[in-house]
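Spelled out from the first residue to the last, the chains are:
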Amino acid sequence: INSVFSYAVQSLKATHNPASAFRGYVKPNPTSHANALKQADLKELFIRLRQSGIHQSLKNLIRFLIYTGVRGHEGRLMEWSEIDFQTGVWNIPAEKLKKRRPHIVPLTRQCLDILNAQKSGSNQYVFWLDHHPCPLIGSVNNALNVLKLPHITAHDFRATMATGLTEMGYGMDLVKIQLAHSKASGTDAAYFHAVHLDERRAMLQAWADYIDSLMEG
């Protein structure tokens, strides 16, 4: 609830956050760590995703998260203004990232297909519901529950990518840059992002092709 009101204040939909008064009184749920999904888990997810009646925008968002490894809120808050179709990159501004540093995500063929499929309406956000023209707050994990996969969370997609890419032979430093886990700051972060962009693009394309092979298998 606090997160919903915080977003409303930030987006000028509300003037204050009444839930902030309860901070410290409500104990948070125990921290759960992300799990790397096995091939069987991914295949089952794709089967249920195809057969489900959930909104197509949600289906596309889940696939996009799996392809890119970005955090759930980063995908939900993705805006058309952040996408450069000419260079094939998504420029995530610093204020949307956990470490408050801008992040560049190379867009694979599959990601561009998803973005083109989302080009309808006039919403500023890429992923949205017809009846709810604002970011899909909490929607991914809710959708996974609808798919009867409550043991899977959006954060598991990041762990799955990290494990999968290292098993495919990619260096952990490159994987960490893609997941925005790099400890470099300031000029160093920008440098590493620029220098390794082509390598990350090739890595993500290989990952997306692998994911597609599971979808079709």
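The coordinates are above.
Residues numbered from 1 in each chain as written. Predicted model: local features only at pLDDT ≥ 70, side-chain atom pairs only at ≥ 80, totals over all residues. Heavy atoms only, no water.

A. Layout of the overall build of the chain. Across its full length, the chain holds ten helices and three strands. The secondary structure elements of the chain, listed N-terminal to C-terminal, are α-α-α-α-β-β-β-α-α-α-α-α-α. Pairs at least 24 apart in sequence give 64% of the contacts found in the chain among residues at least 6 apart. Accessible surface for the chain amounts to roughly 12,000 Å². Of this, 55% is attributable to carbon and sulfur atoms. (Helix = DSSP H or I, 4+ residues; strand = E, 2+ residues; numbered from the N terminus. Contact = heavy atoms within 4.5 Å. Areas by Shrake-Rupley, 256 points an atom, 1.4 Å probe, with all protein chains shown as cover.)

B. Layout of unusual backbone geometry. Located in the positive-phi region is Lys 148, a residue other than glycine, with phi close to 60°. Relative to the assigned elements, Lys 148 resides in the loop between α6 (139–146) and α7 (156–167).

C. Just the packing of aromatic side chains, in detail. Following the criterion strictly, the structure yields four aromatic pairs and no others. Plain terms: the ring middles of Phe 64 and Phe 127 are 5.6 Å apart, the flat faces sit at 55° to each other, and that makes the pair tilted. Of this pair, Phe 64 sits in helix α3 (residues 56–68) while Phe 127 sits in the loop between α5 (109–117) and α6, and the two are 63 residues apart along the sequence. Its relative accessible area of 0% is what places Phe 64 among the buried residues. Judged by its relative accessible area of 0%, Phe 127 falls in the buried class. (Phe/Tyr/Trp six-rings, centres within 6.5 Å; stacked < 30°, edge-to-face > 60°. Buried < 20%, exposed > 50% of the residue type's maximum accessible area, 1.4 Å probe, protein only.)

D. Main features of α7. Between its first and last C-alpha atoms α7 spans 16 Å; for twelve residues at 1.5 Å apiece the expected length is 16 Å, and the two agree. Here α7 lies mainly inside the structure; nine of its twelve residues are buried. Of the residues making up α7, those classed as buried are Asp 156, Phe 157, Arg 158, Ala 159, Thr 160, Met 161, Ala 162, Gly 164 and Leu 165. Tucked into the core, α7 has its buried residues touching α2 (39–51), α3, α6, α8 (172–178) and α10 (197–216). (Expected span 1.5 Å × (residues − 1).)

E. Looking closely at the pattern of salt bridges. Using the criterion set out here, one finds five salt bridges in the structure. Put simply, Glu 74 and Arg 71 hold a salt bridge, and the shortest N to O gap is 3.0 Å. Judged on exposure class, the residue Glu 74 and its partner Arg 71 are both buried. Bridged by salt links that share partners, the residues Glu 79, Glu 82 and Lys 96 form one connected network. (Salt bridge = Lys/Arg side-chain N within 4 Å of Asp/Glu carboxyl O.)

F. Expanded view of the sheet that holds strand β2 (residues 89–92). Reading across from one edge, β1-β2-β3 is the order of the three strands in this open sheet, with antiparallel pairing throughout. The two strands at the open ends of the sheet, each matched to only one other strand, are β1 (83–84) and β3 (103–106). In this sheet, β2 lies alongside β1 in antiparallel orientation, the contact comprising two bridges. The residue bridging Ile 83 from the neighbouring strand is Trp 90, located in β2. (Pairing = 2+ DSSP bridges.)

G. Representation of α6 within the structure. Residues of α6 that are buried: Ser 139, Val 140, Ala 143 and Leu 144. The arc that holds the buried residues of α6, viewed along the axis, is 140°, so those residues lie on one side. Residues of α6 that are buried in the fold lie against α2, α3, α4 (72–76) and α7. One or two residues past the end of α6 sits Lys 148, with phi positive at roughly 60°. (Arc of directions from axis to C-beta.)

H. Representation of the side chain of Lys 59 in the model. Mapped onto the elements, Lys 59 comes out in helix α3. On the basis of relative accessible area, Lys 59 is assigned to the buried category, the value being 12%. If we skip the residues at most four places from it in the chain, Lys 59 touches Leu 49, Arg 50, Ser 52 and Ile 54.

I. Highlighting the packing of α3 against α6. Following both chains from N to C, one finds α3 and α6 inclined at 105°, their axes separated by 10 Å at the closest point. With respect to α6, the axis of α3 lies roughly perpendicular. Where α3 abuts α6, its residues Leu 58, Leu 61, Ile 62 and Leu 65 lie against Ser 139, Val 140 and Ala 143. Residue composition of the contact of α3 with α6, by class: six nonpolar, one polar and no charged. (Axes fitted to C-alpha atoms, helices over the stretch in contact; angles between N-to-C directions. Parallel < 35°, antiparallel > 145°, perpendicular 65-115°, else oblique. Nonpolar A, V, L, I, M, F, W, Y, C, P; charged D, E, K, R; others polar.)

J. The arrangement of the packing of α2 against α3 in detail. Axis separation between α2 and α3 bottoms out at 11 Å; the angle between their running directions is 160°. What the angle tells us is that α2 and α3 run roughly antiparallel. In this structure, the crossing between α2 and α3 has a hand that is left-handed. Between α2 and α3, the residues in contact are Leu 45, Phe 46, Leu 49 and Arg 50 and Lys 59, Ile 62, Arg 63 and Ile 66, respectively. (Left-handed = near helix turned anticlockwise from the far one by under 90°.)

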